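# Chain and residue survey
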Amino acid sequence: MRRLFTTRPGDDGLPGPERRQAVLALILGTTMAVVDTTMVNLALPSIAADLGVAPARAVWVTNLFQVVCAAFLLVFAALSELVSRRRLYVAGLALFVVAALGSALSREFETLLAFRALQGMAAAATLSIGPSLYRAIFPSRLLGSALGLSALVVATGYAAGPAIGGLVLSVADWPWLFALPVPLGLGALVLAWRALPREVGRPGGFDIAGALLSMAMLASVFVAMDRAGHQAPLGQTLAWLAAGLVAGALFVGRQRRAPHPLLPLSLFAERRFSLAVSASGLAFVGQGLAFVALSFLYQQEMGFSPLETAWLFTPWPLTIMVVGPLAGRLADRVNPSLLSCAGLAVLMSGLATLAWLDTEAGVADCLWRTALCGLGFGLFQPPNNRELMASAPAERSANASGVMSTTRTVGQSLGVALVGAGLAAGAPVQATLWGGVVAAALALLASLGRVSLAGEALRARRRAAAERVQ
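First, a word on what this report is: a plain description of the structure on this page. Bear in mind the structure is a predicted one, so any value in this text is a computation, not a measurement. (Residues numbered from 1 in each chain as written. Predicted model: local features only at pLDDT ≥ 70, side-chain atom pairs only at ≥ 80, totals over all residues. Heavy atoms only, no water.)

## Examining the overall build of the chain
As a reminder of what qualifies: We count a stretch as a helix when DSSP gives it H or I for four or more residues in a row; a strand needs E for two or more, and each element gets its number in order from the N terminus. As a reference, a globule follows 2.2 Å times the number of residues to the power 0.38, and the radius of gyration itself is taken over C-alpha atoms. With a 1.4 Å probe rolled over the protein chains alone, any residue whose accessible area is under 20% of its type maximum counts as buried; one over 50% counts as exposed, and the rest are partly exposed. Contact definition: two residues touch when any of their heavy atoms are within 4.5 Å.
Across its full length, the chain carries 20 helices and 0 strands. Radius of gyration (C-alpha) of the chain: 21 Å, near the 23 Å computed for a compact globule of 470 residues. Its C-alpha atoms give the chain principal-axis dimensions of roughly 65 × 45 × 45 Å. Here the chain holds 470 residues, and the buried ones make up 56% of them. Intrachain contacts of the chain at a sequence separation of at least 6 include 84% that bridge at least 24 residues.

As structure tokens, then:
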């Protein structure tokens with residue numbers, strides 16, 4: 001960890017001592033958003049009972065947060081170029097704190113939904129540019145290690161969220177879940193204002209039409225996948241999907257002719273970037289699919305309680321917490337695509353062993369298989385994120401960061417939708433897990449396609465480092 005805060009001649013990014021407060025602001029902001037996502041689900045039955053709404057409506061306390069967050073990721077990534085990433089991140093933290101407090105004080109369901117929508121918008125402001133801020137804070141030689149730290153933070157948030165939520169609900173009412181992020185957010189706000197890199201926004205306009213089309217596209221696709229995941233009528237799902245596809249086609253056309261496009265399509269001309277995005281999206285499809293399928297498998301087929309099921313999931317994020325930082329550090333020294341390929345092969349193997357899991361299997365059989373998946377994902381994600389961010393031009397870091405966050409969100413949602421569609425079609429739960437194996441295999445093919453390109457980039461980076469030393 002100490003090496004992350006040492007300075008060498010020729011380093012870009014912030015000086016070593018200044019990185020500590022800046023990265024702590026990112027850690028607090030990310031933790032706040034991720035824990036909120038996993039923690040609030042436990043309170044939905046209590047919210048429904050206290051506010052007098054049906055459980056099906058209470059689900060929108062979580063869904064609205066996710067839909068709004070997904071819709072604004074690309075928008076805020078582009079907006080950060082105009083107002084600077086530091087200002088946008090600070091504004092996002094401030095809005096999250098206000099919205100969290102508003103959610104905690106809400107006594108009407110509609111008021112709670114309004115504040116949850118604001119929280120989703122605030123989370124999008126911070127999550128969309130988080131990876132690009134790591135690139136701005138740390139020198140290029142430590143980018144993999146920095147993104148490994150980011151993976152550790154996200155995995156910790158996912159692992160801790162349900163436990164924190166259960167602990168709070170055992171001693172207090174559900175509003176305290178929304179109040180919990182307030183002190184964290186205030187601390188992150190102060191640190192971000194003081195320590196994040198100060199930048200000058202670029203001159204020029206903002207692609208308002210592109211922003212509206214992006215929001216329509218992502219929101220429609222996200223709702224379509226949510227409807228499929230909840231086994232809604234097929235016509236309803238297809239209507240939302242069609243709306244998303246039409247908005248997507250119009251969005252692409254707009255980006256080709258806009259003077260300041262929301263998402264410059266030239267980013268995808270770089271094969272390393274495009275293949276890293278593809279691998280990331282497919283891997284998150286596999287993870288999202290597995291998380292939902294295993295919930296049904298453990299509870300409905302194997303007879304575990306919800307609490308026992310939660311504990312059976314813990315090896316996945318816990319293994320990422322251990323492996324992710326190590327994989328990120330190694331990605332600074334060896335070909336990151338090779339590491340990603342190895343991780344995807346392990347993830348594919350782990351998902352296959354879960355698909356073969358006997359319904360009479362014991363706890364130990366479940367745990368080692370889940371840990372194997374976590375090992376694979378932890379070995380894949382930081383090196384792949386390093387490739388994704390490093391292959392984008394520095395001036396497009398915010399856009400690349402927005403693409404990364406959007407890909408993760410859409411990929412996981414698509415995985416959930418595939419499970420719902422499979423169950424609606426009458427497929428056994430374990431059969432849906434083979435969809436995760438296929439997704440991991442396709443991600444592996446994408447990752448293999450950039451091994452030689454990543455090797456050339458690594459050799460060029462080493463030559464440049466040697467020249468700086470001389």
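## Describing the packing of helix α1 (residues 16-39) against helix α10 (residues 181-195)
When two helices pack together, their arrangement is captured by the angle between the axes and the distance separating the axes. Let me state the cut-off plainly: Whenever a helix is involved, its axis is fitted only over the stretch in contact; in every case the axis is a line through C-alpha atoms, and angles between N-to-C directions fall within 0 to 180 degrees. With respect to orientation, any angle under 35 degrees is reported as roughly parallel, any angle over 145 as roughly antiparallel, any angle of 65 to 115 as roughly perpendicular, and every other angle as oblique. In this scheme the crossing of two helices becomes right-handed for a clockwise turn of the near helix relative to the far one and left-handed for an anticlockwise turn of less than a right angle. Here the term charged refers only to Asp, Glu, Lys and Arg, the term nonpolar to Ala, Val, Leu, Ile, Met, Phe, Trp, Tyr, Cys and Pro, and the term polar to all other amino acids, Gly among them.
Put simply, α1 and α10 touch, their axes get as near as 8 Å, and they point 150 degrees apart. One finds that α1 runs roughly antiparallel with respect to α10. Both α1 and α10 take part in a crossing whose hand is left-handed. The residues of α10 that touch α1, namely those facing Gln21, Ala22, Leu24, Ala25, Leu28, Gly29 and Met32, are Pro181, Leu184, Gly185, Gly187, Ala188, Leu191, Ala192, Arg194 and Ala195. Its residues placed into classes, the contact of α1 with α10 shows 11 nonpolar, 4 polar and 1 charged.

## Concerning the pattern of salt bridges
Cut-off, in case you're wondering: A side-chain nitrogen of Lys or Arg and a carboxyl oxygen of Asp or Glu constitute a salt bridge if their distance falls within 4 Å.
Within the structure shown, the criterion is met by 8 salt bridges. Among the ionic pairs, Glu81 bridges to Arg396, the shortest N-O distance being 3.6 Å. With Glu81 in helix α4 (residues 60-83) and Arg396 in the loop between α17 (363-390) and α18 (397-424), this pair connects stretches of sequence that are 315 residues apart. When its relative accessible area of 27% is taken as the criterion, Arg396 is described as partly exposed. When the shortest N-O distance is used, the salt bridge between Arg369 and Asp365 registers 3.8 Å. Pair noted here: Arg369 and Asp365 are both in helix α17, with a separation of 4 residues, about one helical turn. Of the residues examined, Arg369 reaches a relative accessible area of 14% and is grouped as buried. For Asp365, a relative accessible area of 31% gives the class partly exposed.

## Side note on the environment of Val182
Among the secondary structure elements, Val182 is positioned in helix α10. The class of Val182 is buried, set by a relative accessible area of 15%.

## Re the environment of Arg3
Residue position: Arg3 is located in the segment before α1. A residue is classified by how much of its surface remains accessible, and Arg3, at 22% relative accessible area, is partly exposed. Distance from Arg3 to Leu142, taken between C-alpha atoms, is 8.6 Å for residues 139 residues apart in sequence. Other than its neighbours up to four places away in sequence, Arg3 contacts Leu142, Ser145, Arg329 and Arg333.

## Quick notes on the nonpolar core
The tendency in soluble globular proteins is for nonpolar side chains to be buried as a group. Inclusion rule: Among buried residues, those of type Ala, Val, Leu, Ile, Met, Phe, Trp, Tyr and Cys that are joined through side-chain atoms within 4.5 Å constitute a nonpolar core.
Judged by nonpolar contacts, the single largest core of 70 residues is most densely connected at Phe72, Tyr89, Phe138, Leu196, Phe273 and Leu388. When residues in this core are grouped by element, the largest group, 12 residues, is from α4. The residues contacting Tyr89, other than those within four sequence positions of it, are Ala25, Leu26, Gly29, Thr30, Thr126, Ile129, Leu133, Ala192 and Leu196.

## Notes on the packing of aromatic side chains
Note the following rule: Each Phe, Tyr or Trp ring, with Trp reduced to its six-membered ring, pairs with another whose centre is within 6.5 Å; inter-plane angles below 30 degrees give stacked pairs, above 60 give edge-to-face pairs, and intermediate values give tilted ones.
Per the counting criterion, the structure on display carries 11 aromatic pairs. Note on Trp174 and Phe178: the rings are 5.9 Å apart at their centroids and 85 degrees apart in plane angle, and the pair reads as edge-to-face. An identical accessibility class is assigned to Trp174 and Phe178; each is buried. With a centroid separation of 5.5 Å and an interplanar angle of 65 degrees, the aromatic rings of Phe291 and Phe313 are classed as edge-to-face. Separated by 22 residues along the polypeptide, Phe291 in helix α13 (residues 271-301) and Phe313 in helix α14 (residues 306-313) bring together distant segments of the chain.

## A look at α10
Just so we agree on the cut-off: Expected helix span is given by 1.5 Å per residue-to-residue step, counting one fewer step than there are residues.
An ideal rise of 1.5 Å per residue puts 21 Å on 15 residues; α10 measures up with 20 Å between its terminal C-alpha atoms. For α10, the set of buried residues is Pro181, Val182, Gly185, Ala188, Leu191, Ala192 and Ala195. Among the structural elements, α1, α5 (85-105) and α9 (175-179) are those in contact with the buried residues of α10.

## Considerations on the side chain of Asp332
Inspection of the secondary structure assignment puts Asp332 in the loop between α15 (315-331) and α16 (336-355). Asp332 has contacts with Ser140, Arg141, Leu142, Leu143, Gly144, Ser145, Arg386 and Arg461, leaving out every residue within four places of it along the chain.

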